[in-house]
Amino acid sequence: MWSSIIGVLLLVCSSNAYINPRPQFLEHTRFTRWLVHESNWTIVATTSKLYGGVAFPNLMAVSDGTSWEDCTGHLYFYFTQLSTVEADLLANDNVTLGFYEVGEKDHFCVPGPKYDPEDPNCAKAHFVGSVRTISNVSAGPEAQKYLFWRHPAMATWPKDHNWLTVTLDIKKIDLLDFYGGLVPIDVEKYYSSDCK
């Protein structure tokens with residue numbers, strides 16, 4: 001009896017892993033928009049000035065709109081000019097972003113006898129583009145509009161750290177969400193697709 005109750009509780013918990021239901025793997029463009037909208041963070045790979053031009057990963061908080069209902073597909077970030085990211089971007093504003101469907105409730109992404117984070121069923125989306133500053137005002141209206149709703153702790157970060165609100169001008173997108181290799185995603189179709 002207890003095993004049945006525990007099984008039901010696990011099913012309920014796993015079904016609430018996302019804000020919106022996970023799209024089917026064949027809906028590549030919609031899946032990409034969904035994955036971005038469900039993500040609180042991304043890995044931003046810059047060309048490192050400090051380490052002589054090698055790729056350097058930076059974990060950054062991200063938002064794709066002004067609320068859970070307003071998901072524009074545009075990607076927004078907030079980081080301090082004191083970070084190495086700023087020096088990298090001043091030298092080369094081209095970056096690659098990685099969005100990953102990983103977490104303890106993503107059954108495709110938990111290491112086990114059937115799946116693993118490297119398994120293609122555990123989705124990965126990559127965005128290539130250039131970073132553009134939309135505000136250099138710490139805790140400015142742009143940061144409040146696009147990021148603070150999703151990352152409220154940002155409002156408490158020291159304003160004297162010279163924060164930037166930036167966006168990504170997307171040039172290329174690809175997705176891996178099933179076997180068969182990367183699928184290119186048309187940027188215009190990405191923006192016009194539904195994220196829910």
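Note that the structure is a prediction, hence the values are computed from the model and not measured. (Residues numbered from 1 in each chain as written. Predicted model: local features only at pLDDT ≥ 70, side-chain atom pairs only at ≥ 80, totals over all residues. Heavy atoms only, no water.)

Throughout the structure, instances matching the rule amount to four salt bridges. Across the pair E27 and R30 runs a salt bridge whose closest N-O atoms are separated by 3.1 Å. The partly exposed category is assigned to R30, whose relative accessible area is 23%. With its nearest N and O atoms 2.9 Å apart, the salt bridge here joins R132 to D169. With R132 in strand β6 (residues 124-135) and D169 in strand β7 (residues 163-176), the pair connects residues that are 37 residues apart, well separated along the chain. Judged by its relative accessible area of 28%, D169 falls in the partly exposed class. (Salt bridge = Lys/Arg side-chain N within 4 Å of Asp/Glu carboxyl O. Buried < 20%, exposed > 50% of the residue type's maximum accessible area, 1.4 Å probe, protein only. Helix = DSSP H or I, 4+ residues; strand = E, 2+ residues; numbered from the N terminus.)

Quick look at the pairing of β6 now. With seven bridges connecting them, strand β5 (residues 94-100) and β6 associate as antiparallel partners. In the strand pairing of β6, N94 is matched with S130. In this sheet, β7 lies alongside β6 in antiparallel orientation, the contact comprising 11 bridges. Bridging across to β7, A125 finds its partner in L175. (Pairing = 2+ DSSP bridges.)

This part is about the state of the cysteines. On inspection of all chains with the given rule, the structure shows two disulfides. Put simply, C109 and C122 are joined by a disulfide, and their sulfur atoms are 2.1 Å apart. Its S-S torsion of approximately 110° makes the covalent link between C109 and C122 right-handed. Here C109, found in the loop between β5 and β6, pairs with C122, found in the loop between β5 and β6; they are 13 residues apart in sequence, far enough to count as distant. Both residues of the pair, C109 and C122, count as buried. Cysteine pairing for the chain, with bonded cysteines counted in sequence order: 1-4, 2-3. (Disulfide = S-S within 2.5 Å.)

A word on the packing of aromatic side chains. Inspection of the entire model under this criterion finds 13 aromatic pairs. Where Y78 meets W157, the ring centres are 6.2 Å apart and the plane angle is 20°; that geometry is what we call stacked. Highlighted residues: Y78 in strand β4 (residues 71-80) and W157 in the loop between α4 (141-148) and β7, separated in sequence by 79 residues. The buried category is assigned to Y78, whose relative accessible area is 6%. Three or more aromatic residues joined by ring pairs make a cluster, and in this case those are Y78, F148, W157 and W163. Across the ring face of Y190, the terminal group of R33 is positioned such that the distance to the ring centre comes to 5.4 Å. (Phe/Tyr/Trp six-rings, centres within 6.5 Å; stacked < 30°, edge-to-face > 60°. Lys NZ or Arg CZ within 6 Å of the ring centre and 35° of its normal.)

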